[in-house]
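What follows is the residue order along each chain.
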Amino acid sequence: MLRRWGILLGMLTLMAGMAVATTGSASAGTMGFRPGGPIHLVGSTSPVASARGGLRHQAESTNWSGYAATAGTYTSVSASWTEPTGHCSGSAKYSSFWVGLDGYSSSSVEQTGSEVDCSGSRAIYYAWYEMYPNPSVSYSNTVRPGDHFNASVTYTGGNHFSLFIQDSTQGWSHTTVGTLTGAPRSSAEVIVEAPCCTFGGGILPLANFGTVNITGSLANGAALGNAGGVTQIIMVDSAGRDKDTVSSLAGGENFSATWLRSN
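How each quantity is defined
Residues numbered from 1 in each chain as written. Predicted model: local features only at pLDDT ≥ 70, side-chain atom pairs only at ≥ 80, totals over all residues. Heavy atoms only, no water. Helix = DSSP H or I, 4+ residues; strand = E, 2+ residues; numbered from the N terminus. Buried < 20%, exposed > 50% of the residue type's maximum accessible area, 1.4 Å probe, protein only. Contact = heavy atoms within 4.5 Å. Areas by Shrake-Rupley, 256 points an atom, 1.4 Å probe, with all protein chains shown as cover. pLDDT = per-residue confidence, 0-100.

1. Some points on the overall build of the protein chain
What the protein chain contains, in helices and strands, is one helix and 17 strands. Burial status across the protein chain gives 54% buried among its 263 residues. The contacts in the protein chain between residues at least 6 apart in sequence include a share of 68% that link residues at least 24 apart. With an accessible surface of roughly 9600 Å², the protein chain has 51% of that area assigned to carbon and sulfur atoms.

What follows is the structure, encoded as structure tokens:
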């Protein structure tokens, strides 16, 4: 995913001692940041043993970790997760958990998910959607650690996408219809992300989210691991060190990610 302007505006407002903005978006020029983009791959993908839950490839990225199906045309992706607890100290940090179509081999991404960001020792939780390269929009509903999320992105034809997210613990949900022309639907992914980018193009520091457990990962209504061309994505820093660990894709649908470092 990409940098969500409403979130960054909220972070800057927090640091100024004012109320947090939880909806809408802000322009890059007002905050010294610019939107990110799709996956930032490091090198090329490499084949690995297919016995690992249907896994056939592995890739390194500076901003994504998780799993992506990349060998077809995809009309839907879905998954569930429990909002992790942010362990915050020091400077601002960010972490995202989302499902989406596109972004692995294309310049568009249609996605929805949740977030835990850090402003000093304070953790901030919220949910959002984005039709990149358009700005993201944050929902104003309450999100707390331990909340159970269900999310999906579905292509409904005619350049239209339905983005659904539900916090069943807090008892709210949203279905947002977005339009994006020319989206190839060439990948379906379930991702943990260190959002991009700073004004200079760097990846934002990854917030310490502990461990996030993701279940029921589906692409085109079937187990993500059986969707064809599934790739395990490992997030690394500029020195090639893992920023989190990603477990094997159990049953083709379930995995966990555990934070290791911010940069």
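2. A few points about the environment of Val42
Positionally, Val42 belongs in strand E1 (residues 41-47). Between the alpha carbons of Val42 and Val236 there is a distance of 8.5 Å; along the sequence they are 194 residues apart. Residues within four places of Val42 in sequence aside, it is in contact with Glu60, Ser61, Thr62 and Val236.

3. Some words on unusual backbone geometry
The amide bond that connects Tyr132 to the next residue, Pro133, takes the cis arrangement and shows omega of 20°. Here Pro133 is to be found in the loop between strand E7 (122-132) and strand E8 (136-139). With a phi close to 55°, Asn220 is a non-glycine residue in the positive phi region. The partly exposed category is assigned to Asn220, whose relative accessible area is 38%.

4. Side note on the confidence of the model for the protein chain
Looking at the protein chain as a whole, the pLDDT averages 85, with 81% of positions reaching at least 70. Low pLDDT, under 50, characterises residues 5-35; the predicted model gives this stretch 71 contacts beyond four residues in sequence or across chains.

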